[in-house]
Amino acid sequence: MSSSLLTSTTLNSIISTQPRPIISLNASDSVKDAIHVLTKNRILSAPVYDDEEKCLGLVDVLDVLYFVMDIGERAKMSKHTLMQSAMEVENVANVLDVSKRNPFVPMTPDRNVADLLKEYANGIHRVPIIDPNSSKVTFIFSQSVAFRSCCDLKNGLFLKEKWFTDLLDKKVNQIDLGTQTRHGKKILTVAEDKSAMEAFTMMRQNGLSAIAIVSKAKQIVANISASDVKGYLEQEYFALGEEVTHFLMKSHEGDQKDTLPSLVFCKPEHTFREVLTRLLPQSVHRIYVVRGDDVNIGGIITLGDIFSFLYIEWSKTQQR
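Computed from a predicted structure; not experimentally measured. For every chain, the first residue of the written sequence is number 1, and numbering continues from 1 onward in sequence order. It should be noted that, the model being predicted, local features are given only for residues of pLDDT at least 70 and side-chain atom pairs only at 80 or more, the latter also being counted only at that level, while totals for whole chains, interfaces and linings use all residues. To get the side-chain values, all heavy atoms of the structure are used, and hydrogens and water are removed first.

Visitor: Got a sec to walk through the side chain of Glu 161? Specific residues and values, please.
Guide: Secondary structure elements are taken from DSSP: a helix is a run of H or I of four residues or more, a strand is a run of E of two residues or more, and numbering for both begins at the N terminus. Among the structural elements, Glu 161 can be located in the loop between α6 (143-151) and α7 (162-165). Each residue gets one of three labels from its accessible area relative to the maximum for its type: buried under 20%, exposed over 50%, partly exposed in between, using a 1.4 Å probe on protein chains only. None of His or the chain ends enter the tally, which takes Lys and Arg as positive and Asp and Glu as negative. Between Lys or Arg on one side and Asp or Glu on the other, a salt bridge is scored when a side-chain nitrogen of the former is within 4 Å of a carboxyl oxygen of the latter. One buried charge, Glu 161, has no salt-bridge partner; the nearest side chain with opposite charge is Lys 160, at 9.4 Å.

Visitor: Help me get a handle on the sheet that holds strand β12 (residues 297-302), residues and values and all.
Guide: Judged by pairing direction, the sheet is mixed, and its 4 strands sit side by side in the order β6-β12-β11-β10 without closing on themselves. Whereas interior strands pair on both sides, the edge strands pair on one side only; in this sheet they are β6 (179-180) and β10 (265-266). Bridge count for β10 against strand β11 (residues 286-290) is 2 bridges, and the pairing is parallel. Bridge pairing in β11 links Phe 265 to Tyr 288. One requirement defines pairing of two strands: DSSP has to find at least two bridges between them.

Visitor: Describe the packing of aromatic side chains, with residues and values.
Guide: A pair of Phe, Tyr and Trp rings is counted when the ring centres sit within 6.5 Å of each other, with Trp represented by its six-membered ring. The angle between the planes then sorts it: under 30 degrees is stacked, over 60 is edge-to-face, the rest tilted. The final tally for this structure, using the stated rule, is 10 aromatic pairs. Taking the centre distance of 6.4 Å and the plane angle of 75° together, the rings of Phe 164 and Phe 272 count as edge-to-face. You can see Phe 164 sitting in helix α7 and its partner Phe 272 sitting in helix α10 (residues 272-279), a full 108 residues away along the chain. Among the residues examined, Phe 164 registers a relative accessible area of 0% and is labelled buried. One aromatic cluster is present, built from ring pairs that chain together Phe 158, Trp 163, Phe 164, Phe 272 and Phe 309. Above the ring of Tyr 49, the side-chain terminus of Lys 136 is found at 4.3 Å from the ring centroid. Lysine NZ or arginine CZ positioned within 6 Å of the ring centre and within 35 degrees of the ring normal marks a charge as sitting over the ring.

Visitor: Got a sec to walk through the pattern of salt bridges? Specific residues and values, please.
Guide: Evaluation of the coordinates by the stated rule reveals 7 salt bridges. Among the ionic pairs, Arg 126 bridges to Asp 60, the shortest N-O distance being 3.3 Å. Remark: Asp 60 occurs in strand β3 (residues 55-60) and Arg 126 occurs in strand β4 (residues 126-130); sequence separation between them is 66 residues. On the accessibility criterion, Arg 126 (13% relative accessible area) is buried. For Asp 60, a relative accessible area of 3% corresponds to the buried category. Where Asp 70 meets Arg 204, a salt bridge forms, and the shortest distance between an N and an O atom there is 2.8 Å. Placement of the pair is Asp 70 in helix α3 (residues 61-74) and Arg 204 in helix α8 (residues 196-205), with a sequence separation of 134 residues. Judged by its relative accessible area of 29%, Asp 70 falls in the partly exposed class. Take Arg 204: its relative accessible area is 31%, and that puts it in the partly exposed class.

Visitor: Let's hear about unusual backbone geometry: which residues, and what values?
Guide: With a phi close to 50°, Arg 42 is a non-glycine residue in the positive phi region. Structurally, Arg 42 can be placed in the loop between α2 (31-40) and β2 (45-49). Residue Lys 218 is not a glycine yet carries a positive backbone phi of 70°. Within the fold, Lys 218 resides in the loop between β8 (210-214) and β9 (220-225).

Here you go:
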């Protein structure tokens, strides 16, 4: 087995020297409290502690959204007081991982980058780093944070690994990366005239964190994801019934833009290097593969797909 920088590099060594403070919640806080905290701090998730200061897990916007959707369905999206009451009464501890997208997989700072990569390859989106003495969460490795630390093309950790640099000039249509129709895989989409509720329901049923919105001509016009919920549930719970594109426009009103959030595209003949180059500056979690000059979807590559691909490729080097 060959030695690897991934197994010798600890997570502590790549944690930001100026990490953001960790915003947390108490298990007894209400769902409404959680919505307010996530919204006020513009974050997608927060650790939840019990009375003994033990971390029970991370609650994120999809957990809250799906709880609200369940209550809304029972109330038929009509009884505002019922929904308000449910959110004020329900403890946030009871909605942990309602989305089934956010299992609690903590690590200590002495674990290595290979361990982190493996968890991402297994579908984990966020890995909390805990203090081994207090069990407090001191840092959260989101996929986007790890992506910048490891895959940056100027000073990323992986640039020191030959197996990684050998992949950079491989074309998208030459490697098994993401979900591509050329492999017979189906790309799930939602029509632009469907409601936000229908889009999020489809995401939930298929275990997705995002879904593409397409026109009648089947061309992609936008993308809706967990981040589009942030800041929206606090005031307008019932906007979920609006057309999905209207929902998106409203959710990004504070961005001072009159258009839908920008998308990132690549073509099958683009290299893996070009995929990384397009993803890194945008701080987005997915890139759509399109053919020709139109925007008919031929595939989608997420950060999770990239980590899974890289973990498989790195693992091959460990078997030599």
